[in-house]
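# What the coordinates show
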Amino acid sequence: SFSYLVLRYCGEKDLGLYGIAVVFQQFALLFTNSLTQIFNVKSATHFGATDSIKRSFRPLLLPTFLSVAAALLLACALCITATPFISYLLPKYKGAIPIIYILSLAMPILALGMPTGLLKTALKYKLIYIVGIAKVLSVIVAVFFLPKTIVWISVAVVIGELVDVVLGYFFLFNCVRQ
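Residues numbered from 1 in each chain as written. Predicted model: local features only at pLDDT ≥ 70, side-chain atom pairs only at ≥ 80, totals over all residues. Heavy atoms only, no water.

## Here's the deal with the pattern of salt bridges
Within this structure, the stated rule accounts for one salt bridge. Lys-135 is the partner of Glu-161 in a salt bridge, and the nearest nitrogen-oxygen pair spans 3.2 Å. Taken together, the residues Glu-161 in helix H9 (residues 150-177) and Lys-135 in helix H8 (residues 125-145) connect sequence positions 26 residues apart. For Glu-161, a relative accessible area of 13% corresponds to the buried category. (Salt bridge = Lys/Arg side-chain N within 4 Å of Asp/Glu carboxyl O. Helix = DSSP H or I, 4+ residues; strand = E, 2+ residues; numbered from the N terminus. Buried < 20%, exposed > 50% of the residue type's maximum accessible area, 1.4 Å probe, protein only.)

Spelled out as structure tokens, the structure:
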């Protein structure tokens with residue numbers, strides 16, 4: 001698991017800092033995660049009515065764009081507010097600030113992945129497993145090649161999210177073309 005990698009290369013303190021950073025990131029992602037859940041249900045309904053990934057993909061373009069825009073704004077707000085908040089209220093966790101900045105880069109990437117949920121809706125399990133395995137392997141490979149600090153391990157997580165979205169779109173576009 002990811003926690004094992006952090007413990008092995010960075011130690012307990014950095015695992016705690018990473019945990020705090022993830023809490024802040026997840027708080028900032030509440031709005032975009034809600035949008036994703038709403039539109040996953042709508043796309044599933046649309047897919048059920050049309051049985052077409054292509055026709056279910058198009059209605060997700062505008063919500064995805066809006067979700068990415070919101071994620072960018074929320075990521076900026078997180079970066080602006082995290083430093084003073086942690087510095088004054090949680091000074092023991094100042095080391096989490098650079099991790100929060102890096103994880104904020106993942107926020108628009110995660111929002112961009114909204115349409116890839118169609119692969120689950122269309123029951124493309126083989127493709128979903130390939131994407132999941134590629135994501136995990138990309139994080140492990142990145143951790144292996146990058147410096148063994150919590151900041152760089154956080155970069156590996158962002159790389160994993162990027163691989164997840166890019167590969168998800170690759171398979172999604174292949175399904176749309178068929």
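## Let's talk about the packing of helix H5 (residues 61-89) against helix H6 (residues 97-112)
Relative to each other, H5 and H6 sit at 170 degrees, their axes nearing to 8 Å. On the basis of the axis angle, H5 is roughly antiparallel to H6. Of the residues contributing to the contact of H5 with H6, the split by class is 16 nonpolar, five polar and no charged. (Axes fitted to C-alpha atoms, helices over the stretch in contact; angles between N-to-C directions. Parallel < 35°, antiparallel > 145°, perpendicular 65-115°, else oblique. Nonpolar A, V, L, I, M, F, W, Y, C, P; charged D, E, K, R; others polar.)

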